[in-house]
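# Coordinate inspection notes
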Amino acid sequence: MNLLQSLLNLPEPLMGAIGALLITLGMLPVAAMLVLWERIFLGKLTQRPGPNRVGPRGLLQTIADALKLLTKEDFTPKDADRILFFLAPLIFIVPSFLVFAVVPFGHFGGTHGPVLIADLRTGIFFMVAVFSLHTVGILMAGWASNNKYSLLGGIRGVAQAISYELPLIFSFLGILILSGSMSTVDIIKAQGGGLHNWFFLAQPVAFLVYLACSVAEVNRVPFDIPEAESELVSGFNTEYSGMRFAMFFLAEYVSLFATAAIATIVFLGGWLAPFPEPAVITGSTLGYFFWSAGWFLLKVFTLVTLAMWVRGTLPRLRADQLMDFAWKFLVPVVLVNLFVTGLLALWGRWAVAGGLWLALLLWALYGQSRAAKAERRQVVY
Amino acid sequence: MDVLTRAFQGAKAIAEGLATTFKHVTRSQVTIGYPEVRSELPAAFRGMPGLPPDKSGNTTCIGCLACARVCPPQCIFITTSKGEDRKLRIDDFIVDANLCIMCGLCEEVCPVTSKEDKTDYPGRAIQLTHLYEMSAYCHEDLVFHLPQLIAIGQEFGRQKSKDLPGQPRTACYSRLAVHVKELTRG
């Protein structure tokens with residue numbers, strides 16, 4: 001907020017408070033839009049019309065849903081732990097908003113600085129640390145509900161979060177080696193110059209691992225065992241209704257947006273365009289703000305849509321398969337990725353990218369031949 | 001089967017799945033938005049039974065009670081009386097739609113036929129019509145008497161000889177359902 005700070009000339013805590021207010025108010029319509037888009041997109045995937053009743057082409061559907069949830073009775077079960085039951089949605093929702101403190105939504109161009117609340121030197125570390133807090137909310141909600149299905153959901157949520165946070169954090173470590181900084185702004189600046197410098201090309205393995213882990217982090221299909229409808233009714237939020245359920249629902253979509261934003265910053269070059277930016281745009285402050293914010297939101301939106309696409313495609317994993325996948329596959333893969341990145345970083349970024357892509361290619365060829373062989377063997381028997 | 005091969009197969013399966021679901025985005029939707037859009041009914045659609053009238057507007061029923069006897073839920077009640085010309089007159093013909101299961105046995109067993117009608121059961125006195133919107137506020141509203149059954153047969157019945165089996169025919173008709181309901185109340 002360098003430019004705004006110099007323009008308004010307010011003390012830093014006040015600027016931070018204004019930014020927090022803007023983020024909180026701005027995320028509500030974004031979450032409503034994501035809910036609507038998810039329903040429309042899932043409808044398209046299954047050849048249904050999706051919401052089409054409220055407002056023109058169903059565009060007001062989420063507003064109607066929100067009003068319904070707000071006016072519903074806010075019910076607390078008889079033997080619930082009232083304090084924890086009240087606190088759980090808050091603890092669940094706050095971390096998803098906190099993440100945006102270090103998310104640069106765009107840039108004012110030149111020396112005016114990026115559009116963000118705080119450029120922490122430990123930006124990525126802050127994000128990951130804060131983001132894992134909502135697990136506490138899940139366990140709290142499950143425990144306080146005094147319902148065995150909710151408790152099971154909460155316990156599953158914690159087990160899943162512990163398993164998937166490890167590969168998620170490790171997938172960032174290769175990036176930190178390449179960029180040499182933990183600040184979100186520095187990481188984006190390290191990817192400047194065009195598409196070929198974005199880190200998802202230099203770290204393809206880490207990018208794929210992050211995509212899988214981020215879906216697990218926000219408890220979405222296929223990693224939604226904490227709220228598996230067919231097994232646990234609705235998991236940790238079974239007993240919640242009305243406003244408090246709306247908070248869980250809102251937090252889920254804000255988290256989805258947050259994970260996509262993190263992926264955009266770390267792997268897809270944040271606010272940068274995929275080609276060298278023309279001087280006409282970089283010269284004008286306001287023009288570059290809209291240009292950069294547009295690219296940022298476009299990338300985030302693409303990643304969110306990818307998550308919805310996956311939701312429309314894959315079935316839910318079993319709890320033990322989930323643990324297997326995290327501990328026996330993702331963790332070794334990111335460790336090898338980190339090791340290879342560390343070795344190759346000595347010879348420069350291109351060597352890293354080339355080495356990792358070569359490894360992916362070799363793996364695909366190997367897997368293809370083995371799979372074909374296994375198929376042939378099955379035919380013989 | 002080692003880890004790398006399994007991982008490859010998993011990745012391949014996910015990619016194939018994503019491709020499959022994406023294919024469906026490009027296809028046209030299968031949902032028909034019912035109250036606004038109505039699907040085409042097959043000619044042999046079995047809806048509410050009705051009594052299609054002849055040219056003078058009377059029922060062609062001869063009062064043999066075959067349909068009342070064969071009806072599995074026993075929802076047809078016919079009262080007849082002998083007129084002065086010693087012919088049976090249909091005093092009332094009741095189909096209780098609360099009970100009717102729309103099996104079509106009444107239509108099958110009906111001895112009345114017509115030569116110019118080329119449908120499966122040509123010119124039956126009682127026919128299953130294309131009326132399927134029969135919501136009502138009480139059970140009494142769903143007990144249909146002779147004039148209402150004639151109206152149903154008139155408005156919703158298969159049109160003789162024009163409507164060959166297998167040809168789809170658009171059902172209309174909430175406007176007409178309202179009409180039938182008004183008759184029922186009266």
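Now for a look at the structure at hand. These numbers come from a predicted model, not from an experiment.

A few words on the overall build of chain A. Within chain A, the regular secondary structure consists of 16 helices and two strands. Its C-alpha radius of gyration of 22 Å places chain A within 12% of the 21 Å reference for a compact globule of 381 residues. Along the longest, intermediate and shortest principal axes, the C-alpha atoms of chain A span 75 × 65 × 40 Å. Taken over 381 residues, chain A has a buried fraction of 49%.

Secondary structure summary: chain B contains five helices and seven strands in total. Element order for chain B, N to C, with α for helix and β for strand: α-β-β-α-β-β-α-β-β-α-β-α. A total of 186 residues make up chain B; the buried ones form 40% of that total. Within chain B, contacts between residues at least 6 apart in sequence are counted, and of these 71% link residues at least 24 apart. Accessible area for chain B stands at about 10,900 Å²; split by element, carbon and sulfur atoms hold 57% of it.

On to the pattern of salt bridges, then. Tallied over the full model, the rule gives seven salt bridges over all chains. Among the ionic pairs, Lys328(A) bridges to Asp324(A), the shortest N-O distance being 3.6 Å. Of the two residues, Lys328(A) and Asp324(A) both sit in helix 15 (residues 319–345), four residues apart, roughly one turn of that helix. Using a relative accessible area of 58% as the deciding quantity, one classes Lys328(A) as exposed. Among the salt bridges present, the one from Arg89(B) reaches Asp91(B), with a minimum N-O distance of 3.6 Å. Three or more residues joined by partner-sharing salt bridges are found here, namely Glu38(A), Arg220(A) and Arg311(A).

Below, the discussion takes up the nonpolar core. Taken as a class, soluble globular proteins show a tendency for nonpolar side chains to be buried jointly. Grouped together as the largest cluster of nonpolar side chains are 90 residues, with contacts concentrated most on Phe100(A), Val103(A), Phe172(A) and Phe267(A). At 16 residues, helix 12 (residues 242–267) of chain A tops the list of elements feeding residues into this core. Those residues in contact with Phe172(A), other than ones at most four positions away along the chain, are Ile124(A), Val128(A), Tyr210(A), Ile262(A), Val266(A) and Phe267(A). Counting residues in hydrophobic clusters, the runner-up holds 29 residues, among them Cys67(B), Ile90(B), Cys100(B) and Leu128(B).

Residue and element names in this part refer to chain A. Where nonpolar side chains cluster on the molecular surface, the patch consists of Leu 59, Leu 60, Ile 63, Leu 67, Leu 70 and Met 243 and spans about 550 Å² of accessible area. The biggest single contributor to the nonpolar patch is helix 3 (residues 61–71), with three residues. Mapping Met 243 onto the fold places it in helix 12. Of the residues examined, Met 243 reaches a relative accessible area of 38% and is grouped as partly exposed.

By the burial criterion, the buried members of helix 5 (residues 123–131) of chain A are Gly123(A), Ile124(A), Met127(A), Val128(A), Val130(A) and Phe131(A). Check the buried side of helix 5 of chain A and you find it contacts helix 4 (82–98), helix 6 (134–144), helix 7 (148–179), helix 8 (184–189), helix 10 (204–217) and helix 12 of chain A.

All names here are of chain B. Along the chain, Val 95 turns up in strand 4 (residues 88–96). What makes Val 95 buried here is its relative accessible area of 1%. Each C-alpha atom of the pair Val 95 and Ala 15 lies 57 Å from the other, and the pair is 80 residues apart in sequence. Aside from chain neighbours lying at most four places away, what touches Val 95 is Met 48, Pro 49, Cys 75, Ile 76, Leu 142, Val 143, Phe 144 and Leu 149.

Residue and element names in this part refer to chain A. With respect to the element layout, Thr 62 can be found in helix 3. For Thr 62, a relative accessible area of 10% gives the class buried. Setting aside residues no more than four positions away along its own chain, Thr 62 makes contact with Ala 32, Val 35 and Leu 36.

Looking now at the layout of surface pockets. Residue and element names in this part refer to chain A. There is about 590 Å³ of room inside the second largest pocket. Those elements giving two or more residues to the lining of the second largest pocket turn out to be helix 2 (12–45), helix 3 and helix 12. Of all the elements, helix 2 adds the most residues to the lining of the second largest pocket, at eight residues. A breakdown of the residues in the lining of the second largest pocket according to their chemical character gives 17 nonpolar, one polar and five charged.

Residue and element names in this part refer to chain A. Tallied over the entire structure, the rule returns 24 aromatic pairs over all chains. Between the aromatic rings of Trp 198 and Phe 200, the centroid separation amounts to 6.4 Å while the plane-to-plane angle is 55 degrees, which identifies the pairing as tilted. An aromatic cluster is built from Phe 172, Trp 198, Phe 200, Phe 207, Tyr 210 and Phe 267, whose rings are joined through pairwise contacts.

The next thing to look at is helix 3 of chain A. All names here are of chain A. Gln 61, Thr 62 and Leu 69 are the residues of helix 3 that are buried. All buried residues of helix 3 lie within an arc of 90 degrees about the axis, which places them on one face of the element. For helix 3, the exposed residues lying more than 90 degrees away from the buried face are Leu 67 and Thr 71. Along its buried surface, helix 3 packs onto helix 2 and helix 12.

As a measure of interface size, the accessible area lost when the parts come together is often cited. Between chain B and chain A, the residue contacts involve 23 residues of the former and 20 residues of the latter. Joining chain B to chain A, the criterion identifies zero salt bridges. For the interface between chain B and chain A, the tally reads six residue pairs in polar contact (both at pLDDT 80 or more). Split by residue class, the side of chain B that touches chain A holds 11 nonpolar, eight polar and four charged.

Glancing now at the environment of Ala125(B). Residues and elements named next belong to chain B. By the element assignment, Ala 125 lies in the loop between helix 3 (105–109) and strand 5 (127–128). On the basis of relative accessibility, which here comes to 3%, the residue Ala 125 falls in the buried class. Separated by 11 residues in the primary sequence, Ala 125 and Ser 114 place their C-alpha atoms 9.6 Å from one another. For Ala 125, the residues in contact, after removing those within four places along its chain, are Gly 50, Leu 51, Pro 52, Thr 60, Cys 61, Cys 110 and Val 112.

On to the packing of helix 4 of chain A against helix 12 of chain A. To describe two helices that pack against each other, one gives the angle between their axes and the distance between the axes. Residue and element names in this part refer to chain A. Closest axis-to-axis distance for the helix 4/helix 12 pair is 8 Å, and the angle between their directions is 20 degrees. Between helix 4 and helix 12, the crossing angle belongs to the class labelled roughly parallel. Handedness of the crossing formed by helix 4 with helix 12: left-handed. Of the residues in helix 12, those in contact with Phe 85, Phe 86, Ala 88, Pro 89, Leu 90, Phe 92, Ile 93, Ser 96 and Phe 97 of helix 4 are Arg 244, Met 247, Phe 248, Leu 250, Ala 251, Glu 252, Val 254, Ser 255 and Ala 258.

Turning to unusual backbone geometry, a few remarks are in order. At Arg57(A), a residue that is not glycine, the phi angle is positive and equals roughly 55 degrees. Mapping Arg57(A) onto the fold places it in the loop between helix 2 and helix 3. Its identity is not glycine, yet Leu65(B) carries a phi of approximately 65 degrees, on the positive side.

Thresholds, definitions, all that
Residues numbered from 1 in each chain as written. Chains lettered and ligands numbered in written order. Predicted model: local features only at pLDDT ≥ 70, side-chain atom pairs only at ≥ 80, totals over all residues. Heavy atoms only, no water. Helix = DSSP H or I, 4+ residues; strand = E, 2+ residues; numbered from the N terminus. Rg over C-alpha atoms; globule rule 2.2 N^0.38 Å. Buried < 20%, exposed > 50% of the residue type's maximum accessible area, 1.4 Å probe, protein only. Contact = heavy atoms within 4.5 Å. Areas by Shrake-Rupley, 256 points an atom, 1.4 Å probe, with all protein chains shown as cover. Salt bridge = Lys/Arg side-chain N within 4 Å of Asp/Glu carboxyl O. Core = buried A, V, L, I, M, F, W, Y, C linked by side-chain atoms within 4.5 Å. Patch = residues over 30% accessible without salt bridge, like charges linked within 9 Å, V, L, I, M, F, W, Y side chains within 5 Å. 1 Å grid on protein atoms, 1.4 Å probe; cavity = no way out; pocket = protein on both sides within 12 Å on 5 of 7 lines; lining within 4 Å. Points joined across faces, edges and corners; volume = space filled by probe spheres on them. Nonpolar A, V, L, I, M, F, W, Y, C, P; charged D, E, K, R; others polar. Phe/Tyr/Trp six-rings, centres within 6.5 Å; stacked < 30°, edge-to-face > 60°. Arc of directions from axis to C-beta. Polar contact = N/O pair within 3.5 Å; in protein donor to acceptor, adjacent residues only side chain to side chain. Axes fitted to C-alpha atoms, helices over the stretch in contact; angles between N-to-C directions. Parallel < 35°, antiparallel > 145°, perpendicular 65-115°, else oblique. Left-handed = near helix turned anticlockwise from the far one by under 90°.

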